[in-house]
Amino acid sequence: MIDGKLHIFTPEGVTLAVVPAGAARRGYAWFIDLIARAVIGFLCMFLLQLAMPGGAGTGMMMVVFFLIEWAYFIVLEVFFNGTSLGKRLTGLQVLREDGLPVGWRESVLRNLLREIDFLPFSYGIGLGFILLDKHARRLGDIVAGTVVVYRDKATVRPALPVVTPLPLPYALTPDEQRALLDLVERVRTVPAQRQTELGDLAEPLTGLKGEASLQRLFQYAAGLTGGKQA
Amino acid sequence: MRQHQFESRHAALWQDIEQELASKQPSADLPVKYRALCNTLAVARQRGYSPSLVQRLDLLAINTHRLIYSAVGTQEHAFMRWVLRDFPRLVRAEWRVVALSLLVFYGLTLLVGLAVAWDHELAYSFMSPGQLANFEEMYRGGAHKLARRGSDDDVMMFGFYIMNNVSIGLRSFVGGLAFGVGALFFTAYNGAYFGVVAAWLSRDPATALNFWSFVITHSALEITGLLLASASGFKLGSALLLPGRRGRVAALRESAASILPMLLGAAMMIFLAAFFEGFWSARTDIPATAKFIVGGMLWLAVIAYFCLAGRKRAT
């Protein structure tokens, strides 16, 4: 299947699929982080000026700036399961390429190399790498062996209408069975005209057209999965 | 087997694992359950069960995979072991890039310094007269405060040293990725800069004493730290230039992962140096002799640390 997923092979002999995130979503995440860092910076500046005015406050401020510049992403990614604030809000997550959460080593590497990805301005090099790399990794990700993926949300499985199960007129391969089940689970989410059209396309299997064909497909699906009797 | 049969047969297992994932303390037989889960996932995929079921199992498997494999055995005294053994060993093992970095920095310092000492006019080709006069002003006279007025300014300069110097260290590592050019530039630039300033200020005995007593202590940590940082940058560059029998990306990954502890050690040294530079080096109530003694001892300690620490075999 061509779906851009990154398949992780586990010692248990199964593959786990994660979806790498592209440049736009990562850009939004970065922008949110930029604002968050600015807010933190101003807040600290304000508090420090109140607490210790003069040179000492300025000195501590520079330490804070240093931490915001270099440590913000690293600390958040390590302690919050691969998410900075922006990644959390945009539903992204950094993982190691073997699917495990990032540790110090990976996070430090990928975030130090941000400097290079940022060149010549606003992630020029990083964007180039994201567009060219098949898993949309920027240079820092490639060197650190990490990948930014969509954080999986628990899926709500659609409820299927209860219909009388029917046997299939002829045997389908597992791939075809999966396509059929995928169709009946998702067909109700598309516009009505498109539903009719899809029903027409299934004519070779059902011998019917439009909505009637779809109903027949529901019955076949119920027969396939062994659903409850109507 | 029909999908519904399959689901009702294994529903208990899946729910069990979901609960384990939600609880903070997974039970000891989670790996057994996980293998069973992987089995059901593989079967569901192979038999073409509905994608939403496969997706659910996939997600369950990913989360359990993370939980099981990211558990790290507790390492006792990992940090101390790194300080006492692994860090100096790494620096010795990477002696080639460390030597390159030392050579570039001290070579240029010596070259430029001797040139300026031989002909003072040469200093003007590196820096503007205003800058040189500024340096002279800073270190002149008995009551040199290095442009500071009390402990408030000490803290400010401490903050500045951390922001500035540690950033330079990190940048020279990152710059190493550009085939080592970035690291080379930072090292060479700092070497030449230090050479000019040192030679210029050493002309006048008054400024010479103030200058050398100021730099001797923290430079042991700061210069060594900066040089180790650029050495780790050289390591990145060398992985790109001379990948050996590996692909360039593979070489880069391997080198980056292995050299990173050296960079972090270097950053820690520069960080420590900021304490000396902020709160010790600039104090005027300490006689220069005391500074030379402490600074000399620190230099010896740093050299001895990298030459000798961690040589004993682990028992």
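Residues numbered from 1 in each chain as written. Chains lettered and ligands numbered in written order. Predicted model: local features only at pLDDT ≥ 70, side-chain atom pairs only at ≥ 80, totals over all residues. Heavy atoms only, no water.

UniProt, in its Subcellular location (unreviewed entry) section for chain A, records the words "Membrane". (UniProt positions renumbered as here; feature names shortened; annotations may be inferred.)

Engineer: I keep staring at the UniProt feature "domain: RDD" (unreviewed entry) in chain A and nothing clicks. Help me out?
Structural biologist: Under the present numbering, the feature "domain: RDD" (unreviewed entry) in UniProt falls on residues 21–145 of chain A. Annotation note: span residues 21–145 of chain A, helix share 70%, strand share 4%, distance between end C-alpha atoms 15 Å. (Helix = DSSP H or I, 4+ residues; strand = E, 2+ residues; numbered from the N terminus.)

Engineer: Just checking my understanding: could you explain the UniProt feature "transmembrane region" (unreviewed entry) in chain B for this structure?
Structural biologist: Residues and elements named next belong to chain B. With numbering matched to this structure, UniProt assigns "transmembrane region" (unreviewed entry) to residues 97–118, 155–174, 181–201, 221–243, 255–276 and 288–308. Secondary structure within residues 155–174 divides into 100% helix and 0% strand; the distance between the first and last C-alpha atoms comes to 28 Å. Between the C-alpha atoms that bound residues 288–308 the distance is 29 Å, and the span itself is 100% helix and 0% strand.

Engineer: I'm lost on the domain arrangement of chain B in this one. Help?
Structural biologist: Often, the extent of an interface is quoted as the loss of accessible area on bringing the components together. Each domain of chain B was delimited in the assignment, giving domain 1 (3–69) and domain 2 (78–308). Once you take the C-alpha centre of each, domain 1 of chain B and domain 2 of chain B turn out to be 54 Å apart. (Domains from an automatic or database assignment.)

Engineer: Would you explain the pattern of salt bridges in this entry?
Structural biologist: Opposite charge on two side chains makes pairing possible when the charged atoms of those side chains draw close. Overall, the coordinates contain 24 salt bridges over all chains when judged by the stated rule. Where Asp 141 of chain A meets Arg 26 of chain A, a salt bridge forms, and the shortest distance between an N and an O atom there is 2.8 Å. Linking Asp 141 of chain A in helix α8 (residues 139–144) with Arg 26 of chain A in helix α1 (residues 23–51), this pair joins segments that are 115 residues apart in sequence. Judged by relative accessible area, which is 0%, Asp 141 of chain A ranks as buried. Exposure remark for Arg 26 of chain A: the relative accessible area of 11% places this residue in the buried category. In this structure, the salt-bridge partner of Glu 115 of chain A is Arg 171 of chain B, at a minimum N-O distance of 2.9 Å. With Glu 115 of chain A in helix α6 (residues 114–118) and Arg 171 of chain B in helix α7 (residues 151–175), this residue pair bridges two chains. A relative accessible area of 29% means that Arg 171 of chain B is categorised as partly exposed. (Salt bridge = Lys/Arg side-chain N within 4 Å of Asp/Glu carboxyl O. Buried < 20%, exposed > 50% of the residue type's maximum accessible area, 1.4 Å probe, protein only.)

Engineer: Explain the packing of aromatic side chains to me, please; I cannot follow it from the model alone.
Structural biologist: To describe a pair of aromatic rings, you give the distance between the ring centres and the angle between the ring planes. Scanning all chains against the criterion turns up 25 aromatic pairs over all chains. Ring centres of Phe 105 of chain B and Tyr 106 of chain B lie 5.1 Å apart, and the angle between their planes is 90°; this geometry places the pair in the edge-to-face category. The class of Phe 105 of chain B is buried, set by a relative accessible area of 5%. Taking the relative accessible area as the measure of exposure, Tyr 106 of chain B reaches 32% and is therefore partly exposed. Feature note: the residues Phe 79, Trp 82, Phe 87, Tyr 305 and Phe 306 of chain B constitute an aromatic cluster, connected by ring pairs. The lysine or arginine in question, Arg 114 of chain A, covers the ring of Phe 73 of chain A, its NZ or CZ lying 3.7 Å from the ring centre. When the ring centre of Trp 200 of chain B is taken as origin, the NZ or CZ atom of Arg 203 of chain B, which lies over that ring, is 3.9 Å away. (Phe/Tyr/Trp six-rings, centres within 6.5 Å; stacked < 30°, edge-to-face > 60°. Lys NZ or Arg CZ within 6 Å of the ring centre and 35° of its normal.)

Engineer: What exactly am I supposed to notice about the environment of Leu 122 of chain B here?
Structural biologist: Residues and elements named next belong to chain B. Turning to its location among the elements, Leu 122 is positioned in the loop between α5 (95–118) and α6 (129–138). Here Leu 122 falls in the partly exposed class, since its relative accessible area comes to 30%. When the C-alpha positions of Leu 122 and Gly 310 are compared, they lie 44 Å apart, and in sequence the two are 188 residues distant.

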